[in-house]
Amino acid sequence: MHKTFNKLYPSLAAGLSFLIVAGCNSGEAKKEKETHAVAPPAAEVVLVQKQQLTASLQMPGELVAFQQVDIYAKVSSFVKKIHADVGTQVTQGQLLATMEAPEIGSQLSGAESKLKSFEAIYLASKANYERLLETSKTPGTISPNDLDLALARQKSDYAQLQAAKAAYHEVTANKDYLEIRAPFNGIITARNVNPGAYVGPSGKGSELPMFTLQEQKKLRLVIAVPEAYSSYLHDNSEVKFSVKAFPGQVFSAKVNRLAGALDTKLRSQRIEMDVLNPDKKLLPGMIADVNLPLNNKDSSLTAPKSAVLNATTGTFVIRVNGKKAEWVPVQKGNEVNGNVELFGKLNAGDTLIKAANEEIRDHSTVHIQLKN
């Protein structure tokens with residue numbers, strides 16, 4: 001029996017050694033596998049930078065006349081002669097049309113006659129009062145009551161004279177309205193009457209104006225800027241624009257007027273720019289393709305667009321804080337060349353995951369991948 005055991009002992013020892021080694025190898029492999037399973041993911045990072053982004057926004061605008069007026073007749077009358085037509089360049093005060101109204105001539109004659117009559121009455125009462133006043137210097141000749149009555153009569157006649165003068169000036173002014181003159185320098189862009197036509201104030205004489213006058217040597221470029229971009233434009237901001245009539249040609253203008261309030265329907269701010277147009281190359285009514293500069297006055301925090309995570313719960317960036325991932329809520333601003341403005345609890349120099357994704361959970365461990 002002892003001999004048999006001695007023969008079997010080496011085989012048993014070898015078998016036990018094989019099992020022990022195999023068990024150790026299996027444990028180490030399992031441990032190594034578990035170690036690889038829990039290893040934090042490697043991620044490339046970027047730094048938050050503070051810089052001023054320069055961008056632009058393309059939007060439509062409209063060119064309108066710097067000044068425009070529809071000219072109506074002040075008094076009801078008939079057109080006697082037309083002195084200007086469509087396309088006529090006129091200056092301030094230039095005669096555009098003359099009208100005639102026979103009743104105004106009669107009214108002027110009547111007012112003039114009344115004025116002369118009241119002038120004569122006033123002169124007579126004035127002379128009477130002055131004579132009584134001179135005579136009253138002799139005691140007992142003129143009673144004080146008669147003198148007071150004469151003075152009152154003189155004042156009454158003077159008041160009637162002033163009323164007659166006012167009536168006469170009124171009719172004279174109406175006669176002056178029979179001449180239509182240009183209120184400012186410009187060009188006639190519409191004419192809706194001919195000689196012999198009956199004209200008058202809007203709704204009484206004719207529905208359409210006699211003339212439409214526009215100033216075209218200076219135009220207004222009008223745009224409606226949405227609320228989100230209204231803070232980027234300021235006085236004297238330079239704007240570039242183009243029109244379809246002159247392809248390839250770029251015009252410039254500066255912001256001159258901001259409405260200072262948003263339109264309640266469009267939620268946009270009206271902004272006007274003055275455009276010098278001495279050669280009248282540009283025309284009112286043209287649609288312009290405007291290039292708006294979206295430049296902040298101060299620098300802002302920026303990061304690559306890929307670092308922003310648009311999750312179902314909001315917009316975040318993933319900041320690396322002590323090898324831990326930290327989801328930070330942010331708001332996006334201007335985007336330029338792959339970079340985006342970030343507004344939130346961030347500081348310049350913060351480390352962010354360059355390719356943010358939802359697989360990197362909040363407060364999870366991350367491994368930073370360094371660039372070679």
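Residues numbered from 1 in each chain as written. Predicted model: local features only at pLDDT ≥ 70, side-chain atom pairs only at ≥ 80, totals over all residues. Heavy atoms only, no water.

J.: I would appreciate a short explanation of the overall build of the chain in the present structure.
T.: On a plain count of helices and strands, the chain comes out with 3 helices and 21 strands. Within the chain, buried positions represent 32% of all 372 residues. As displayed, the chain offers around 23200 Å² of accessible surface, 54% of which is attributable to carbon and sulfur atoms. (Helix = DSSP H or I, 4+ residues; strand = E, 2+ residues; numbered from the N terminus. Buried < 20%, exposed > 50% of the residue type's maximum accessible area, 1.4 Å probe, protein only. Areas by Shrake-Rupley, 256 points an atom, 1.4 Å probe, with all protein chains shown as cover.)

J.: Would you explain the pairing of strand E8 (residues 186-191) in this entry?
T.: If a strand is regular, its side chains alternate between the two faces of the sheet. Pairing analysis gives 2 bridges linking strand E5 (residues 89-90) to E8, with the strands arranged antiparallel. Bridged to Gln 89 within E8 is Ile 187. Relative to strand E10 (residues 211-226), E8 runs antiparallel, the two sharing 4 bridges. Each residue of the ladder has a partner; that of Arg 191, found in E10, is Phe 211. (Pairing = 2+ DSSP bridges.)

J.: Explain the environment of Ala 224 to me, please; I cannot follow it from the model alone.
T.: Within the secondary structure, Ala 224 is located in strand E10. Each C-alpha atom, one on Ala 224 and one on Ile 271, is 6.3 Å from the other, the two residues being 47 residues apart in sequence. Apart from the residues within four sequence positions on either side, Ala 224 is in contact with Met 59, Ser 268 and Gln 269. (Contact = heavy atoms within 4.5 Å.)

J.: Even after reading the chapter, I still don't get the packing of aromatic side chains, so can you show me in this structure?
T.: Any aromatic ring pair is given by two values, namely how distant the centres are and how the planes are angled relative to each other. Per the stated rule, a full pass over the model turns up 5 aromatic pairs. Measuring from ring centre to ring centre gives 5.3 Å for Tyr 122 and Tyr 158, while their planes differ by 55°; the resulting arrangement is tilted. Separated by 36 residues along the polypeptide, Tyr 122 in helix H2 (residues 102-135) and Tyr 158 in helix H3 (residues 144-176) bring together distant segments of the chain. Classification of Tyr 122 as buried rests on a relative accessible area of 14%. Here Tyr 158 falls in the partly exposed class, since its relative accessible area comes to 39%. An angle of 70° between the planes, with centres 6.3 Å apart, marks the rings of Phe 246 and Phe 251 as edge-to-face. Members of the aromatic cluster, joined through ring pairs, are Phe 241, Phe 246 and Phe 251. For the cation-ring pair, Lys 218 lies above Phe 66, with the distance from its terminal atom to the ring centre recorded as 4.5 Å. Cation over ring: Arg 220 sits above Phe 66, and NZ or CZ is 4.3 Å from the ring centre. (Phe/Tyr/Trp six-rings, centres within 6.5 Å; stacked < 30°, edge-to-face > 60°. Lys NZ or Arg CZ within 6 Å of the ring centre and 35° of its normal.)

J.: What is the right way to look at the nonpolar core in this model?
T.: A general trend in soluble globular proteins is that nonpolar side chains are found buried together. Ranked by internal contacts, the top residues of the largest apolar core, which has 24 residues, are Phe 241, Leu 282 and Leu 292. Broken down by secondary-structure element, the contributors of at least two residues to this core are strand E3 (54-71), E10, strand E11 (238-243), strand E12 (251-262), strand E13 (268-276) and strand E14 (287-295). With 22 residues, the next largest nonpolar core counts Ile 71, Ala 84, Met 99 and Ile 180 among its residues. (Core = buried A, V, L, I, M, F, W, Y, C linked by side-chain atoms within 4.5 Å.)

J.: In this structure, what is going on with H2? I would like to understand it.
T.: What sets the pattern is the α-helix's 3.6 residues per turn: residues three or four places apart point alike. Across its 34 residues, H2 extends 50 Å between first and last C-alpha, which sits within 8% of the 50 Å expected from 1.5 Å per residue. Among all positions in H2, only Ile 104, Leu 108, Ala 111, Leu 115, Tyr 122, Ser 125, Tyr 129 and Leu 132 are buried. Here the buried face of H2 lies against H3. (Expected span 1.5 Å × (residues − 1).)

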